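# Chains, contacts and geometry: an overview
Below, each chain spelled out in residue letters.
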Amino acid sequence: MKKIKLWGYISASTVLFWAGFPPNGILPALLICFLPVLRLQDALMNESKRTRWFFYWTNFACWHFATVWWVSNAHPIGLIAPLLIHSAILAFLLLWVDRIRLWKSAFRLPAFILALLAFEKLIISWDLEFPWLLLGNGLAEWTSLAQWYSITGVFGGSLWLLGINAGVYQLLEATEMKLKRRWLLGLSLWVLIPAALSLQLLSQFRSQTSAPDTLAVTVFQPNLDPYGAKFRPELFQLQLDSLLAYCDTLPSMSRLLIWPETSIPGDYDITPQGFNWQNAPADSFLARHSGLQWMAGINGFRFFSPEYNSLSARTASNGGKYEMYNAAILRSRGQNLGFYNKRKRVVGVEKTPYLHALSFLKNTALDLGGMAGNLGDTPYEGLIKVNGISVVPIICYESVFPDLVAEMTREGGRLLVIMTNDGWWGNTAGYRQHFLFARLRAIENRRWIARSANTGISGFIGPDGQAFEQLPWGVRGMLTRNLPLLQTETYFTRHGDQVGIAGASLFMVFFVLSMFIKPKQSQA
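Below, the structure is looked at part by part. This one's a predicted model, so the numbers in the text were calculated from it and none came from an experiment. (Residues numbered from 1 in each chain as written. Predicted model: local features only at pLDDT ≥ 70, side-chain atom pairs only at ≥ 80, totals over all residues. Heavy atoms only, no water.)

Summed over all chains, the structure comprises 16 salt bridges. Between D42 and R101 there is a salt bridge, with the nearest N and O atoms lying 2.7 Å from each other. Here D42 is found in helix α3 (residues 35-44), whereas its partner R101 is found in helix α5 (residues 77-103), with 59 residues between them in sequence. R206 is the partner of D464 in a salt bridge, and the nearest nitrogen-oxygen pair spans 2.7 Å. (Salt bridge = Lys/Arg side-chain N within 4 Å of Asp/Glu carboxyl O. Helix = DSSP H or I, 4+ residues; strand = E, 2+ residues; numbered from the N terminus.)

Quick look at the structure:
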């Protein structure tokens, strides 16, 4: 009977987290998704550490599988690695919370919240980053309640949701009516004050928003199968000609045309004197559209001398060295105006984590088509400028890193441009989650977003997180909108994530102190 109860807690928490997390978006489920986890802890308190660790690990492994199973469509290891590693870390953190509870039961819930905030800060900061399951991402479909992300960022949402879960648990645990009323009041304030602040910020923003400049932007969705013709060399020129011909119908008002990640077929030298690809069709296209600039994702490379020393360097047939890049270029007729190299590369596909220590694994990256292996990590050269306007280029899952986007926006970025290829995951929740998370970046920085995705979703997102025109999954098309170019910085843009840093710092202090404290009673 006890085992049935334990598995019931695991099943309940998994269903609640899955139901509450985008794109399902049943917010009330996220408000109580940790209750079964806390009940699971209660039921296991007298069990051995091994037994408790097993059930804790299983609980979070089920969370990962239910929510991001679609990652395995690209490659099974993309799901297995974070499921194994992250679930193990979370299980050990719950064992630590058990220890704190034995020392001082009143510290159990604060320790629980701090441990989870520290975990989220870890998985977005270390070299095995996988920020997909940050709890604060759960408000991506409730942007009217997430306007205070312009102050706290997504970690503020994580703290808010964890606090609600802890408050509901404590309310249910309270036995005295006076104590229940006290917890109910505190919980009500914790829920309502941020929600009211969010609505106030939204009203204030919409009433005061004005921009002296605008930019007419077109996003293109080519809808090419990344597992099929997209990376077949014999079709590269045919693809380029076909895509340019389709874009010939873009409106004359457009001043910036955006193609998605790795959308220009082929591999090209991106040195200033290079880029010696077949640019005649592109220049002919740009000549037909006066005043248009073209931003697109490319597979880039750069040659170096044989003496060049880099862990990401590869050896060419002539003995020289070269590096590969997942990059974006901005081009006008006959001229390259800007270059950006992806700064957050996908673990296992585009980089080997901790390569200096694990250099013997440098040739084990997964090959999903297109580029594979350790891509070059060239120094960041700044924002791309379109007609003198600073634009923040964001490639693929860089849009899930709040601090990275804020850092570049802080440099004067007035428009966020996301170029991605979500086709690796197929028609699953993955591409929808990725689009929804971009809405939070818009709120955090109060900037318009133009998003070009290979297979969908392409479109525009306003600075309040509202989604406007969209191209659905699996169609080819273009959308054009005249976008206001805002320049006022939010608190989050100026200062970055302070909630996550504070939570992780307090956890470390708490953790170190706990090493010197002996629990009042021992466990098996």
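Let us now look at the nonpolar core. Judged by nonpolar contacts, the single largest core of 124 residues is most densely connected at F34, W132, V217, L256, M295 and L415. Among the elements that make up this core, the one with the highest residue count is helix α6 (residues 108-125) (twelve residues). Contacts of L256, omitting those with residues within four sequence positions, involve L215, A216, V217, T218, L292, Q293, M295, L330, V386 and L415. Grouped together as the second largest cluster of nonpolar side chains are 24 residues, L244, C247, I270 and F339 included. (Core = buried A, V, L, I, M, F, W, Y, C linked by side-chain atoms within 4.5 Å. Buried < 20%, exposed > 50% of the residue type's maximum accessible area, 1.4 Å probe, protein only. Contact = heavy atoms within 4.5 Å.)

Quick look at the pairing of strand β1 (residues 214-221) now. By the criterion of burial, β1 is predominantly enclosed, with seven of the eight residues buried. Here β1 pairs with strand β14 (residues 477-484) via eight bridges, running antiparallel. For T218, the partnering residue across the bridge sits in β14 and is T480. Sheet analysis places β1 next to strand β2 (residues 256-258), joined by three bridges and oriented parallel. What sits directly across from V217, in β2, is L256. Handedness of the crossover joining β1 and β2 through helix α10 (residues 236-247) is recorded here as right-handed. (Pairing = 2+ DSSP bridges. Right-handed = clockwise from strand over helix to strand, strands pointing away.)

So, on to the packing of aromatic side chains. Scanning the entire structure with this criterion turns up 32 aromatic pairs. On the numbers, 6.4 Å between centres and 80 degrees between planes, the contact of W7 with F54 is edge-to-face. With W7 in helix α1 (residues 2-20) and F54 in helix α4 (residues 49-68), the pair connects residues that are 47 residues apart, well separated along the chain. Each ring, one from W148 and one from W160, has its centre 5.8 Å from the other, and the planes form 75 degrees; the classification is edge-to-face. Placement of the pair is W148 in the loop between α6 and α7 (149-152) and W160 in helix α8 (residues 154-173), with a sequence separation of twelve residues. The class of W148 is buried, set by a relative accessible area of 6%. Ring pairs connect the aromatic residues F17, F21, F34, F60, W63, W70, F112, W132, W425 and F437, which therefore count as one cluster. Above the ring of F468, the side-chain terminus of R481 is found at 4.3 Å from the ring centroid. (Phe/Tyr/Trp six-rings, centres within 6.5 Å; stacked < 30°, edge-to-face > 60°. Lys NZ or Arg CZ within 6 Å of the ring centre and 35° of its normal.)

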